[in-house]
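Single-letter residue listing:
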Number of protein chains: 2
Amino acid sequence: MKASRRYPSSTDVARLAGVSQSAVSRTFNKGKSVSEETSRKVFEAAEQLGYSPNFLPRMLLKHRSDLVAIVVSDSSNPFYAVAVDAFSRALQETGHQVLLASVDGGNALDGILPRLASYRVDAIVSALPVVTQSAAEAFARIRIPIVSFNTPARNQWISSVCSDNAGGAALVADLFVARGARSFGFIGGTPSDYASGERLRGFRERLALHGFDHVETAMGDYLYEDAFQAAAAMAERRKVPDALFCANDLMAFGALDALRRAGLRIPEDVLVAGYDDVPAAAWGSFDLTTVVHGHQAMVAAAIAILHARMADPEPADGVTTTVPVRLAERATTQR
Amino acid sequence: MKASRRYPSSTDVARLAGVSQSAVSRTFNKGKSVSEETSRKVFEAAEQLGYSPNFLPRMLLKHRSDLVAIVVSDSSNPFYAVAVDAFSRALQETGHQVLLASVDGGNALDGILPRLASYRVDAIVSALPVVTQSAAEAFARIRIPIVSFNTPARNQWISSVCSDNAGGAALVADLFVARGARSFGFIGGTPSDYASGERLRGFRERLALHGFDHVETAMGDYLYEDAFQAAAAMAERRKVPDALFCANDLMAFGALDALRRAGLRIPEDVLVAGYDDVPAAAWGSFDLTTVVHGHQAMVAAAIAILHARMADPEPADGVTTTVPVRLAERATTQR
DNA sequence: CTGAAAGCGCTAACAG
DNA sequence: CTGTTAGCGCTTTCAG
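The shown structure was predicted, so the numbers you read here are calculated from the model rather than taken from an experiment.

Chemist: Would you mind showing me how to read the overall build of chain A here?
Modeler: The secondary structure content of chain A amounts to 12 helices and 12 strands. Projecting the C-alpha coordinates of chain A onto the three principal axes gives extents of approximately 85 × 40 × 40 Å. Buried positions account for 56% of the 335 residues belonging to chain A. Summarising the internal contacts of chain A: among those between residues at least 6 apart in sequence, 70% fall at separations of at least 24. Accessible surface, chain A as shown: approximately 13,400 Å² in total, 51% of it carbon and sulfur. Averaging the locations of the 34 positively and 36 negatively charged side chains of chain A gives two centres separated by 6 Å.

Chemist: Looking at this model, I keep getting lost on the UniProt feature "domain: HTH lacI-type" (unreviewed entry) in chain A. Mind explaining?
Modeler: Under the feature "domain: HTH lacI-type" (unreviewed entry), the UniProt entry names residues 8–62 of chain A. The straight-line gap between the two end C-alpha atoms of residues 8–62 of chain A is 22 Å; of that span, 69% is helix and 0% is strand.

Chemist: What should I look at first to understand the nonpolar core in this one?
Modeler: In terms of nonpolar packing, the biggest core is built from 150 residues, with Phe 203 of chain A together with Phe 203 of chain B touching the most fellow members. Setting aside anything within four residues of it in sequence, one finds Phe 203 of chain B in contact with Ala 169, Val 172, Ala 173, Phe 176, Phe 184, Gly 185, Phe 186, Val 215 and Phe 245 of chain B. Counting residues in hydrophobic clusters, the runner-up holds 56 residues, among them Leu 67, Leu 99 and Val 121 of chain A together with Leu 113 of chain B.

Chemist: Sorry, what's going on with the protein's contact with DNA strand D here?
Modeler: Neighbouring DNA strand D are 27 residues, the closest being Ser 10 and Ser 25 of chain A together with Ser 22, Ser 33 and Thr 38 of chain B. If you look at DNA strand D and keep only atoms within 4 Å of the protein, 62% of those are sugar or phosphate atoms. At a separation of 3.2 Å, a phosphate oxygen of DNA strand D approaches a polar side-chain atom of Arg 6 of chain A. A distance of 3.1 Å separates a phosphate oxygen of DNA strand D from a polar atom in the side chain of Ser 20 of chain B. Broken down by secondary-structure element, the contributors of at least two residues to the surface near DNA strand D are helix H2 (21–28) and helix H4 (55–62) of chain A together with helix H2 (21–28) and helix H4 (55–62) of chain B. In terms of residue count, the dominant contributor to the surface near DNA strand D is H4 of chain A (four residues). Of the residues that constitute the surface near DNA strand D, the class distribution is eight nonpolar, 13 polar and six charged.

Chemist: Help me out: how do you make sense of the relation of the copies chain A and chain B in this one?
Modeler: Copies of the same chain, two in number, are related to each other by a rotation about an axis and a translation along it. Mapping chain A onto chain B calls for a rotation angle of 180 degrees and an axial translation of 0.0 Å; the resulting RMSD is 0.1 Å. The relationship between the two copies is best expressed as a two-fold rotation axis. Residue Leu 99 of chain A, judged by its C-alpha, is the member of chain A lying nearest the rotation axis, at 2.3 Å. Both copies present the same face, since 100% of the interface residues in chain A are matched by interface residues at the equivalent positions in chain B.

Chemist: How do you make sense of the protein's contact with DNA strand C when you look at a structure like this?
Modeler: If you check the shell around DNA strand C, you find 30 residues, and the closest are Ser 33, Ser 35 and Thr 38 of chain A together with Ser 10 and Ser 25 of chain B. Restricting attention to atoms of DNA strand C within 4 Å of the protein, one finds that 63% of them are sugar or phosphate atoms. Between DNA strand C and Ser 33 of chain A there is a distance of 3.1 Å, counted from a phosphate oxygen to a side-chain nitrogen or oxygen. Elements that contribute at least two residues to the surface near DNA strand C include exactly H2 and H4 of chain A together with helix H1 (10–17), H2 and H4 of chain B. For the surface near DNA strand C, the residue count by class is nine nonpolar, 14 polar and seven charged.

Chemist: What is the right way to look at the packing of aromatic side chains in this model?
Modeler: Within a pair of aromatic rings, the relevant descriptors are the distance that separates the centres and the angle that separates the planes. Residues and elements named next belong to chain A. In the structure shown here, the tally under the stated rule is 33 aromatic pairs over all chains. Judged by centre distance (4.1 Å) and plane angle (25 degrees), the ring pair of Phe 253 and Phe 286 falls under stacked. Placement of the pair is Phe 253 in helix H11 (residues 249–261) and Phe 286 in the loop between strand S9 (271–276) and strand S10 (289–292), with a sequence separation of 33 residues. Among the residues examined, Phe 286 registers a relative accessible area of 2% and is labelled buried. Just above the ring of Tyr 275 sits the side chain of Arg 199; from NZ or CZ to the centre is 3.6 Å.

Chemist: Help me understand the side chain of Ser 285 of chain B, please; the structure alone is not making it clear to me.
Modeler: Mapped onto the elements of the fold, Ser 285 of chain B is located in the loop between strand S9 (271–276) and strand S10 (289–292). A polar contact of 2.2 Å, which involves the side chain of Ser 285 of chain B, links it to the side chain of Asp 257 of chain A. Those residues in contact with Ser 285 of chain B that sit more than four places away from it in its chain are Asp 257, Arg 260, Ser 285 and Phe 286 of chain A together with Arg 260 of chain B.

Chemist: What should I look at first to understand the sheet that holds strand S2 (residues 97–102) of chain B in this one?
Modeler: Working definition: the strands of a sheet are paired by backbone hydrogen bonds and lie parallel or antiparallel to each other. Reading across from one edge, S11(A)-S5(A)-S4(A)-S3(A)-S1(A)-S2(A)-S2(B)-S1(B)-S3(B)-S4(B)-S5(B)-S11(B) is the order of the 12 strands in this open sheet, with mixed pairing throughout. A single partner strand is all that each edge strand has here, and the edge strands are strand S11 (320–323) of chain A together with strand S11 (320–323) of chain B. Taken pair by pair, the neighbouring strands of this sheet meet at an average axis angle of 20 degrees, ignoring direction. Most of the contacts of helix H6 (residues 109–118) of chain A go to strand S2 (residues 97–102) of chain A, to which it runs at about 145 degrees, and overall it touches strand S1 (67–72), S2 and strand S3 (123–126) of chain A together with S2 of chain B. Strands in contact with helix H6 (residues 109–118) of chain B are S2 of chain A together with strand S1 (67–72), S2 and strand S3 (123–126) of chain B; relative to S2 of chain B, the strand with the most contacts, it is inclined by about 145 degrees.

Chemist: Please explain helix H7 (residues 133–142) of chain A as it appears in this structure.
Modeler: For the α-helix, the turn length of 3.6 residues means that residues three or four positions removed from each other point alike. All names here are of chain A. What H7 keeps buried is the set Ala 135, Ala 136, Ala 138, Phe 139 and Ile 142. Buried residues of H7, viewed axially, fall in a sector of 160 degrees; they line one side. The inward-facing, buried residues of H7 contact H6, S3, strand S4 (146–149) and strand S5 (158–163). Where H7 terminates, the next one or two residues include Arg 143, which has phi positive at roughly 60 degrees.

Chemist: Please explain the environment of Ala 195 of chain A as it appears in this structure.
Modeler: Residues and elements named next belong to chain A. Inspection of the secondary structure puts Ala 195 in helix H9 (residues 194–209). Take Ala 195: its relative accessible area is 4%, and that puts it in the buried class. Residues Ala 195 and Val 130 lie 65 residues apart in sequence; the distance between their C-alpha atoms is 9.3 Å.

Chemist: Would you mind showing me how to read helix H1 (residues 10–17) of chain A here?
Modeler: All names here are of chain A. Taken together, the buried positions of H1 are Ser 10, Asp 12, Val 13, Ala 14 and Ala 17. For H1, the elements touching its buried residues are H2 and helix H3 (36–49). Gly 18 sits one or two positions beyond H1 and adopts a positive phi of about 70 degrees.

Chemist: Looking at this structure, I do not really get the interface of chain A and chain B. What am I missing?
Modeler: Many authors give the size of an interface as the accessible area that is lost as the parts come together. With 75 residues of chain A at the interface, the matching set in chain B holds 75 residues. Applying the counting criterion to the chain A and chain B interface returns four salt bridges. Counting every contact that joins chain A to chain B gives 34 residue pairs in polar contact (both at pLDDT 80 or more). In terms of residue count, helix H5 (residues 78–93) of chain A provides more of the side of chain A that touches chain B than any other element does, seven residues in total. Pairing analysis gives three bridges linking S2 of chain A to S2 of chain B, with the strands arranged antiparallel. Across the sheet, residue Val 98 of chain A finds its bridge partner in S2 of chain B, namely Leu 100 of chain B.

What counts and how
- Residues numbered from 1 in each chain as written.
- Chains lettered and ligands numbered in written order.
- Predicted model: local features only at pLDDT ≥ 70, side-chain atom pairs only at ≥ 80, totals over all residues.
- Heavy atoms only, no water.
- Helix = DSSP H or I, 4+ residues; strand = E, 2+ residues; numbered from the N terminus.
- Buried < 20%, exposed > 50% of the residue type's maximum accessible area, 1.4 Å probe, protein only.
- Contact = heavy atoms within 4.5 Å.
- Areas by Shrake-Rupley, 256 points an atom, 1.4 Å probe, with all protein chains shown as cover.
- Lys, Arg positive; Asp, Glu negative; His and termini not counted.
- Charge placed at Lys NZ, Arg CZ, Asp CG, Glu CD.
- UniProt positions renumbered as here; feature names shortened; annotations may be inferred.
- Core = buried A, V, L, I, M, F, W, Y, C linked by side-chain atoms within 4.5 Å.
- Near = heavy atom within 4 Å.
- Polar contact = N/O pair within 3.5 Å; in protein donor to acceptor, adjacent residues only side chain to side chain.
- Nonpolar A, V, L, I, M, F, W, Y, C, P; charged D, E, K, R; others polar.
- Least-squares fit on C-alpha atoms with pLDDT ≥ 70 in both.
- Phe/Tyr/Trp six-rings, centres within 6.5 Å; stacked < 30°, edge-to-face > 60°.
- Lys NZ or Arg CZ within 6 Å of the ring centre and 35° of its normal.
- Pairing = 2+ DSSP bridges.
- Axes fitted to C-alpha atoms, helices over the stretch in contact; angles between N-to-C directions.
- Arc of directions from axis to C-beta.
- Salt bridge = Lys/Arg side-chain N within 4 Å of Asp/Glu carboxyl O.

Here it is, written out as structure tokens:
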């Protein structure tokens, strides 16, 4: 592959404008003393050449790239698509730029880490459901601040922003009980997944407080299809509970469709709730009661941490911020 | 904001390993002659310092960053989320990395362009519905190769990959006629949008061939809500056609929900089809007949163009590649 | 206000 | 095989 065409440099502009290269640099960096006359000549020459300053040498000099990596594994969940977009916008406002990294499994972070380090990213945002011990150690060695979504902090270099998973699940439990349910089911993400575990724990504990000890559980992988299967199996075995809580909206949609196909009416026969409040939850076909994940609040919290961390070369222990949630009650729980 | 901690440099590694800096460089670039002994010492020192080579100087020297920018405006359409992900993966495989840029309006490309140029990206992928004339001129001036999705090529520097919009729409027209429809409706994206225009054109022209001259049209903005309103208005005014084609799946979902709420049965009273084949189209609630956009084929075509363009500093005129589509017939058109 | 010069961390010639 | 050297394009002293 041939080298691509050389971009014009500040030296090219300087030559054309008949000034020194440093004059060009100063013209493009506000707050520097440049005469009206010089400035005009420089901009004219720059315009003519299609010049825009090169950030790369600046990064070299300043030891900061203003690049933030976002690591994602799976874009099938609309929640992450929205979050990535919100992140990208928020970071752009503060002069940062997002380097996107897609990994295959949920735990393939270690593999991409050296690459991101080589781009000298200032920080990493992980939207991965897990941060393995080995990845955590790798971070500690490379010493790049990282903010992880819905995964607890593991060491000094890892901070995390979590939705109030257990709290949200408890709200669902309260609602189910208030609506008269007496038996309960839960369809979760992967068993190893922190967020899913917390949602189950919060659901269970609150139900126990109401005097209900059993929760029929099944596992999906946060996918529509898995939950469809799981709910269909429940219907098949006539083990459908009065109320079913799914660890995310995508799975709730799958469960809804499966239950309806099995001839059950929602909410008359079964109450259903999800988690995330993705756009589709408000659509007429689903009208799903769900826990509002509040991606804006999560992104804002993450951005705050990121900025604090990027400003401090030797940060204290990683913090875990919990973002409050609320319930959006819709048709699937309204008898 | 303080500078972030300095990453270790090859000089640091060289000092610790007791070799020259260039020896370190050679060790990390395969195909260079380094003795077993030196290599071992270097890797050891690198490991100890947590060193990974800095790509930035390399970019400076080689005049290529291996960075490709992806510009997106709206992540609410799941089609783009999936496409961005596929892109990112494909580019990573060839040693490139994605710089994500989010813009607000569909035509705010001009604004972000200088920024991307400053990062010295090798190419730009635009997932924006429009490429304005001013943006096209800006590209020509900055001379970065760009591949645009579903927007026709405008000049030497702009290539594009388009779904066979008109062809797909014609398939829908044929299907509707075969299923017995006699009156037809279309809900489009923005009027100025190329893809939407092509889909309407293909739909109209094929219907004319079948002897049907009128198409009841309404405009949404590729959004669920807009199509919901539009379809509800049709129902209100008793102007619901036998068959309704929506310019994307999201709008088809909105139309379906509105028509059902108005008491119409799908497909008995109205046939409905969409465009994209997003994952939700296959879900039980919708089971939507749709044109398979084939994002893999589009991404593959775009990647091929990208690589060709990046290899050629003075490319010929921009090419427009049309990716074939097929129909996925589901319940919404099966009487 | 302006230009000359040093240097960020690396790669690529070049001698040895 | 190895070290020395120049230089990518910029920012930043430092003299003038």
